[in-house]
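Given next are the chains, with one letter for each unit.
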Amino acid sequence: MACEFNLNFLKQQEREAVLEVLYRDQMVRETEEKRIRKLKLQLQQLRWKGRSCARCQKLLGLLMNRGAVCNGCSHRVCSECRVCLNPCLWKCTVCYAHGDVKVKAGEWFFEERAKKYPGEVIMEILKQQIFCDFSLLASISHLQELGQSKSFNKSMENLFLSLTTHIKKISKSQNDMADRCLLSTDHGQNLERRKQRRSQSDTAINITSRVSVIITQSLAVRGSLYSLNSTCTESGNFGKANVMGEIEFAMRYIFKACILEICIKRCKNLAYGEEKKCNPYVKVYLLPDKSPRSKRKTTVKKRTVDPEFDETLKYKIEYSQLGSRQLQISVWHAGALKYRVFLGEVVIPLAAWDFQEDSMQLFSWYQLKPKVILRRKDQGVPSCQLQVVITGAKNLPVLRAAGMPNPFVIGCLILPDQPEVKQKSPVWKKEACPQWNHLFVFDGVTPAQLQQSCLHLTVWDQSTSSSSDQFLGGTTLVLGSVLTYVLVRKLALKAEKVLRSPLLTE
Amino acid sequence: MASATDSRYGQKESSDQNFDYMFKILIIGNSSVGKTSFLFRYADDSFTPAFVSTVGIDFKVKTIYRNDKRIKLQIWDTAGQERYRTITTAYYRGAMGFILMYDITNEESFNAVQDWSTQIKTYSWDNAQVLLVGNKCDMEDERVVSSEKGRQLAEHLGFEFFEASAKDNINVKQTFERLVDIICEKMSESLDTADPAVTGAKQGPQLTDQQAPPHQDCAC
């Protein structure tokens with residue numbers, strides 16, 4: 001049924017309308033997920049409180065306050081930790097909260113429904129794809145308005161927005177109508193088809209960058225999730241997955257040794273990776289690091305959907321770093337010939353995890369979830385780079401009595417959790433309107449990183465004497481917003497303005 | 001994109017997490033029976049006589065207070081036209097409850113009810129709650145489907161039945177509230193088997209206490 005979800009037959013306007021609705025739906029879903037996560041966290045915290053009273057840990061007396069066994073969890077609890085539902089029925093606080101979460105999170109419905117539709121996941125994946133289309137559509141219409149539309153040879157619906165970023169040069173500016181910098185985005189069918197586009201802009205700092213979003217024709221929705229190697233499994237290249245089942249693990253941090261230990265106990269009710277076949281193993285990453293350094297794997301268990309692992313995976317990591325990390329625990333089926341099938345994952349933001357609390361070290365079951373694929377890497381391109389062409393600048397202020405400045409540009413790419421990367425253009429001597437046509441290349445920038453990065457471009461006047469270089473002006477491009485919103489943005493930067501506020505943020 | 005869209009669609013309503021349950025409801029039925037008007041009347045208390053065909057799907061979010069619980073409703077309005085069927089049916093499985101609507105002044109829309117009901121059976125989960133609603137009951141002069149006929153069909157299909165008017169605001173709120181109630185009942189039931197404590201004992205009585213008797217006829 002999912003495959004029928006095809007918007008081909010709709011007119012562009014209709015598609016936009018539908019995609020807009022889907023987008024709103026996505027917002028609603030995200031809110032809902034947040035709420036449910038909160039509910040579950042509360043439940044978990046309650047659960048961690050231990051099971052020896054089993055709730056308040058109070059010692060139970062031999063005669064007085066002996067406690068009684070809860071119907072739900074078969075633990076002995078004291079009278080204060082019971083919620084009376086009616087005179088002859090009570091539950092312990094945890095069991096009560098558990099049911100409450102189930103109602104509030106709507107799980108009762110999903111459980112019932114799962115009986116009829118085990119493969120619900122596919123819808124979600126499709127929707128993600130459609131979202132990508134949505135951003136593309138939005139940009140197309142925008143570009144068309146500007147009379148700069150590019151031809152899209154393929155119908156958008158079948159295209160996946162995959163690895164995204166490559167900033168390419170464009171701009172040969174010839175007129176001087178206005179002082180502004182136009183940062184526009186554009187899309188190419190693929191890398192080879194990138195074309196240059198002329199920008200009509202003209203600027204104080206005349207930089208036009210183009211973000212080419214690479215689109216690859218998807219191989220449609222396939223029967224399962226493939227993983228030819230880790231890069232591939234991380235790229236989120238998958239189609240239909242019956243994500244189900246749960247995983248039990250515990251996690252603790254050994255402060256003395258600075259070691260994070262994740263003990264993978266077992267899984268249950270896993271989906272079959274292939275027909276009636278399942279050789280599961282667990283793979284762990286400490287996100288955002290997706291490099292092999294961050295990868296840990298368990299052994300592969302053969303022919304079971306309820307594997308027992310009992311393996312401990314360790315990371316040597318500073319405690320202070322944990323807050324920025326997410327633990328991604330995914331379960332995979334190892335088929336023949338490196339054929340991999342994604343069976344589900346759990347992602348835990350470690351910031352919210354209290355490692356000092358002993359109860360947090362207990363084993364717990366987690367529901368496996370489908371992968372969220374909003375941005376994906378292109379499988380064909382192992383490393384990505386950001387290219388920015390600095391065309392030229394105009395009407396730079398003359399600061400020195402001596403005359404024309406000797407301008408050059410510094411491009412500073414700021415990525416999250418990484419040292420900034422600086423590049424410098426050549427210097428043009430005595431030129432108020434330099435035409436550098438210089439290419440900055442920032443290597444190894446993933447689209448995900450780009451989402452959170454920004455690029456400072458500053459123009460400097462190289463001093464002729466020993467004194468330090470003079471700042472002439474600059475601008476900041478928030479690359480994340482460029483990619484996310486895929487909108488054409490204009491920067492109005494007048495030379496005087498630049499001077500007054502050295503770093504203008506768009 | 002995000003910021004622009006959020007403000008346009010009232011971020012407050014959709015991002016508010018302060019509620020207990022979230023129910024998804026789908027309104028289906030032939031083209032031009034008044035699904036969109038019905039939804040607009042309920043969610044915005046507005047009515048426009050002009051007919052604008054819905055493109056594919058749309059939804060509105062409304063949070064209500066019922067049985068001491070804040071319930072967030074995501075109400076999906078679907079296009080009645082056949083050409084959007086692949087899109088609309090994709091949403092059936094996400095819905096906990098359905099409002100199946102026909103137009104009392106349009107025989108054809110009434111005759112199609114059986115088909116719609118089959119669609120629900122095919123695409124939705126097994127316990128989907130359905131209300132049959134005969135809309136436009138303000139247009140008594142043009143009525144071609146009697147209340148009795150509607151009620152009989154509803155009974156035959158095992159749905160509850162309302163006649164309503166989005167234009168004159170008759171039975172609109174009642175329809176939604178009744179649907180919410182029966183979804184709540186279903187929820188309690190489903191938890192009863194697994195977890196009798198939570199809703200079975202606590203909520204069941206409350207629900208039955210406040211249950212509105214099903215409106216069989218409209219006021220006009």
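Look a little higher up for the structure.
The notes below deal with the structure included here. (Residues numbered from 1 in each chain as written. Chains lettered and ligands numbered in written order. Predicted model: local features only at pLDDT ≥ 70, side-chain atom pairs only at ≥ 80, totals over all residues. Heavy atoms only, no water.)

**Details of the overall build of chain A**
Stage number 1. A tally of helices and strands in chain A yields 9 helices and 26 strands.
Stage number 2. Residues counted as buried form 52% of the 506 residues belonging to chain A.
Stage number 3. The contacts of chain A with a sequence gap of at least 6 include a subset with a gap of at least 24, amounting to 69%.
Stage number 4. If you sum the accessible surface of chain A, you get close to 23500 Å²; carbon and sulfur atoms cover 52% of it. (Helix = DSSP H or I, 4+ residues; strand = E, 2+ residues; numbered from the N terminus. Buried < 20%, exposed > 50% of the residue type's maximum accessible area, 1.4 Å probe, protein only. Contact = heavy atoms within 4.5 Å. Areas by Shrake-Rupley, 256 points an atom, 1.4 Å probe, with all protein chains shown as cover.)

**Digging into helix α6 (residues 113–123) of chain B**
Residue and element names in this part refer to chain B.
Stage number 1. Those residues of α6 that fall on the buried side of the exposure criterion are V113, W116, S117, Q119 and I120. The buried side chains of α6 occupy one side of the element, clustering within an arc of 155 degrees when seen end-on.
Stage number 2. Here the buried face of α6 lies against β1 (21–29), α4 (85–90), β4 (97–103), α5 (107–111), β5 (129–135) and α7 (147–157). (Arc of directions from axis to C-beta.)

**Quick notes on the sheet that holds β1(B)**
Residues and elements named next belong to chain B.
Stage number 1. The strand order across the open sheet formed by 6 strands is β2-β3-β1-β4-β5-β6, and the pairing between neighbours is mixed. The two strands at the open ends of the sheet, each matched to only one other strand, are β2 (57–66) and β6 (160–163). Along the sheet, successive strands turn relative to each other by an average axial angle of 25 degrees, direction set aside.
Stage number 2. As paired elements, β1 and strand β3 (residues 69–78) share 7 bridges and run parallel to each other. Across the sheet, M22 pairs through a bridge with K72, a residue of β3.
Stage number 3. Most of the contacts of α7 go to β6, to which it runs at about 160 degrees, and overall it touches β4, β5 and β6. (Pairing = 2+ DSSP bridges. Axes fitted to C-alpha atoms, helices over the stretch in contact; angles between N-to-C directions.)

**Describing the pairing of strand β16 (residues 340–349) of chain A**
Regular strands show a simple pattern: their side chains alternate between the two faces of the sheet.
Residues and elements named next belong to chain A.
Stage number 1. The buried count for β16 comes to 8 of 10 residues, which makes it a mostly enclosed element.
Stage number 2. Taken together, the 9 bridges between strand β15 (residues 326–334) and β16 define a ladder with antiparallel strand orientation. Within β16, the position partnered with Q328 by the bridge is V347.

**Some points on the environment of P49(B)**
Stage number 1. Along the chain, the position of P49(B) falls in the loop between α3 (35–44) and β2.
Stage number 2. P49(B) sits 12 residues away from S37(B) along the chain, and the two C-alpha atoms are 8.4 Å apart.

**Focus on the pairing of strand β23 (residues 454–461) of chain A**
Residues and elements named next belong to chain A.
Stage number 1. Most of β23 sits inside the fold, with 7 of its 8 residues counted as buried.
Stage number 2. Bridging between strand β20 (residues 407–414) and β23 involves 8 bridges; their strand directions are antiparallel. By the bridge assignment for β23, P407 is matched with D461.

**Describing α3(B)**
Residue and element names in this part refer to chain B.
Stage number 1. Three or more residues of α3 are buried, namely K35, F38, L39, R41 and Y42. Buried residues of α3, viewed axially, fall in a sector of 160 degrees; they line one side.
Stage number 2. Of the residues one or two after α3, D45 is the one with positive phi, at around 55 degrees.

**Concerning unusual backbone geometry**
With glycine set apart, most residues show a phi of negative sign, and most peptide bonds adopt trans.
Residues and elements named next belong to chain A.
Stage number 1. Although it is not a glycine, N269 adopts a positive phi angle of roughly 55 degrees.
Stage number 2. Looking at the secondary structure, you find N269 in the loop between β11 (259–268) and β12 (280–287).
Stage number 3. Here N269 falls in the partly exposed class, since its relative accessible area comes to 42%.

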